[in-house]
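Fold and geometry: a report
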Amino acid sequence: MRNLAKTVFFSLLVILAFAGFANFVVPQLQPAAPPEDEVLDLSAMTMDQFVALGGRVVEGKGTCMLCHNEVGGRAPPLSETVAQIPVRLADARYEGSATDSASYLYESMLEPSAFVVAGFGKAGSGDTESPMPNVSGSSIGMSEAEILAVIAYLQDLGGEDISVEIPEDAGAAAEDEEEEDGEGREPFETVEEIIDEFTCGACHMVAGEEGDLGPNLNAIGGSRAHDYLRRAILDPNADIAEGFEADLMPDDYGEQMFASELEMLIDFLAGLQGEGSEP
Ligand code: HEC
Ligand code: HEC
């Protein structure tokens, strides 16, 4: 009897643990993280290391998963991209200059509007303009080596042979990436840096950036006070701005930002009154 009770209790625990897991862990592409103390030999980076670098860029600096995730459904899943490339290149609407998988992926990242996947264009553009930013531009700022590493990663993810070569500066790019990942960073000191690093501009018009998956923030201070702004950043799904989708804005800024950064950002947004509005 005791044993039975124990077994039942243990099974309940396991079920609860899984239920919790299913509720809180969002399914995402998650390449295995490289071991912490991996030593990078600059002269001889292997293709596996290069692919791993691409995976870290996709998950981190590239901010690709903000949009290419299974939750928001605002961008096609990257795990299926490579398989779709022959279909894209054969599409009557395709007018870009890519000829194969690597050149298509390259073009998709640097000139997202060269071809817009049907149904994913900017609202009202009839699928001629992509909401995806150029990944080498100011909001994301990927280097050439990082872009090539992402191509290698996506080809590997799609089960295709990798057709890009490892550039000479790949080792340096990997070192930068490790530093960026590093815990214990110093707080950013200017609001431009904060907006840049947390890529608000990928989705919002703000501070000269042109994102349009979320509301234009250039005059947000005219209608929203500090408390509202704080909640909008820390708990985006608490209020959903009219005409926009829930579950799209990242909900973990509270864990990523220093309090000083959050307050600086809120003060800045509250001060954005737009042209012609009364402060
Ligand atoms: C702000 C949202 C956003 C971000 C950030 C973003 N993308 Fe996209 N991406 C999209 C959307 C929307 C599309 C579909 C429209 C189009 O074809 O341009 C797309 C299309 C693509 C395509 C073409 C897919 C196909 O099936 O033809 C590739 C490849 C791609 N993205 C890669 C990336 C990579 C790699 C990153 C990160 C370095 C990234 N994207 C970041 C929104 C985004
Ligand atoms: C992946 C896209 C995305 C990113 C990145 C993003 N947001 Fe948003 N944001 C949205 C969307 C979509 C909404 C509208 C839905 C909602 O209210 O949650 C929104 C809503 C907001 C609102 C509320 C606006 C209103 O009128 O109610 C504020 C303020 C805001 N975002 C600020 C930020 C700031 C600051 C950052 C960077 C730290 C940021 N967002 C990053 C997509 C994004």
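Just so it is clear, the model here is predicted, and its values are computed rather than measured. (Residues numbered from 1 in each chain as written. Chains lettered and ligands numbered in written order. Predicted model: local features only at pLDDT ≥ 70, side-chain atom pairs only at ≥ 80, totals over all residues. Heavy atoms only, no water.)

With respect to the overall build of the protein chain
- Looking only at helices and strands, the protein chain features 11 helices and two strands.
- Its helices and strands in sequence order give the protein chain the pattern α-α-α-α-α-α-α-α-β-β-α-α-α, from N to C terminus.
- Of all 279 residues assigned to the protein chain, the portion counted as buried reaches 35%.
- When the accessible area of the protein chain is evaluated, it comes to approximately 16,200 Å², of which 54% is carbon and sulfur surface. (Helix = DSSP H or I, 4+ residues; strand = E, 2+ residues; numbered from the N terminus. Buried < 20%, exposed > 50% of the residue type's maximum accessible area, 1.4 Å probe, protein only. Areas by Shrake-Rupley, 256 points an atom, 1.4 Å probe, with all protein chains shown as cover.)

Re the coordination of the iron atom of ligand 1
- All of the protein donors around the iron atom of ligand 1 are His68 (NE2) and Met132 (SD); their distances to the metal are 2.0 to 2.1 Å.
- In this structure, the iron atom of ligand 1 is surrounded by six donor atoms whose angles at the metal cover 88 to 179°, and the resulting shape is octahedral. Note that His68 is positioned in the loop between helix H3 (64–67) and helix H4 (81–90) and Met132 in the loop between helix H5 (101–110) and helix H6 (144–157), a separation of 64 residues in sequence. (Donors = N, O, S within 2.8 Å, 3.2 Å for Na, K, Ca; no water. Tetrahedral: all angles 85-135°; square planar, octahedral: opposite > 155°, others 65-115°.)

Quick notes on the site of ligand 2
- If you check the shell around ligand 2, you find 29 residues, and the closest are Cys200, Cys203, His204, Tyr228 and Met249.
- Taking Arg224, its side chain carries an N or O atom lying 3.3 Å from an oxygen atom of ligand 2.
- Side-chain polar atom of Tyr228 to an oxygen atom of ligand 2: 2.5 Å apart, as the coordinates give it.
- With four residues, the single largest contributor to the shell around ligand 2 is helix H9 (residues 226–234).
- Residues that form the shell around ligand 2 fall into these classes: 23 nonpolar, three polar and three charged. (Near = heavy atom within 4 Å. Polar contact = N/O pair within 3.5 Å; in protein donor to acceptor, adjacent residues only side chain to side chain. Nonpolar A, V, L, I, M, F, W, Y, C, P; charged D, E, K, R; others polar.)

As for the nonpolar core
- Core analysis: the largest hydrophobic core is formed by 36 residues, its most contacted members being Phe50, Leu53, Met142 and Ile151.
- With nine residues, H6 is the largest single contributor of residues to this core.
- Not counting residues up to four positions away in its chain, the partners in contact with Phe50 are Met45, Ala145, Leu148, Ala149, Ala152, Val164, Glu165, Ile166, Pro167 and Ala170.
- One finds Val191, Ile220, Met257 and Ile266 within the second-largest nonpolar core, a separate group that totals 19 residues. (Core = buried A, V, L, I, M, F, W, Y, C linked by side-chain atoms within 4.5 Å. Contact = heavy atoms within 4.5 Å.)

Describing the confidence of the model for the protein chain
- Model confidence for the protein chain is summarised by a mean pLDDT of 84, while 80% of its residues fall at 70 or above.
- When pLDDT is averaged over each helix and strand of the protein chain, the minimum, 50, is found for helix H1 (residues 2–24) and the maximum, 98, for H5.
- Every residue in residues 12–29 is under pLDDT 50, and counting partners more than four places away or in other chains gives nine contacts. (pLDDT = per-residue confidence, 0-100.)

Quick notes on the site of ligand 1
- Taken together, 29 residues form the shell around ligand 1, and within it Cys64, Cys67, His68, Tyr104 and Met132 come nearest.
- A distance of 2.5 Å is found between an oxygen atom of ligand 1 and a side-chain nitrogen or oxygen belonging to Tyr104.
- For ligand 1, an oxygen atom lies 2.8 Å from a polar atom in the backbone of Val117.
- Elements represented by at least two residues in the shell around ligand 1 include exactly H3, H4 and H5.

Structural notes on the packing of aromatic side chains
- Here the structure, examined in full by the defined rule, presents four aromatic pairs.
- Residues Tyr94 and Phe115 carry aromatic rings whose centres are separated by 5.8 Å and whose planes lie at 55° to one another, so their mutual orientation is tilted. In this pair, Tyr94 is assigned in the loop between H4 and H5 and Phe115 in the loop between H5 and H6, connecting sequence segments 21 residues apart.
- Consider the rings of Phe188 and Phe198, whose centres lie 6.2 Å apart with planes at 75°: the pair is edge-to-face. One end of the pair, Phe188, is in the loop between helix H7 (170–181) and helix H8 (191–197); the other, Phe198, is in the loop between H8 and strand E1 (205–206), and 10 residues separate them in sequence.
- Exposure remark for Phe188: the relative accessible area of 15% places this residue in the buried category.
- An aromatic cluster is present here, built from Tyr94, Tyr104 and Phe115 joined pairwise through their rings. (Phe/Tyr/Trp six-rings, centres within 6.5 Å; stacked < 30°, edge-to-face > 60°.)

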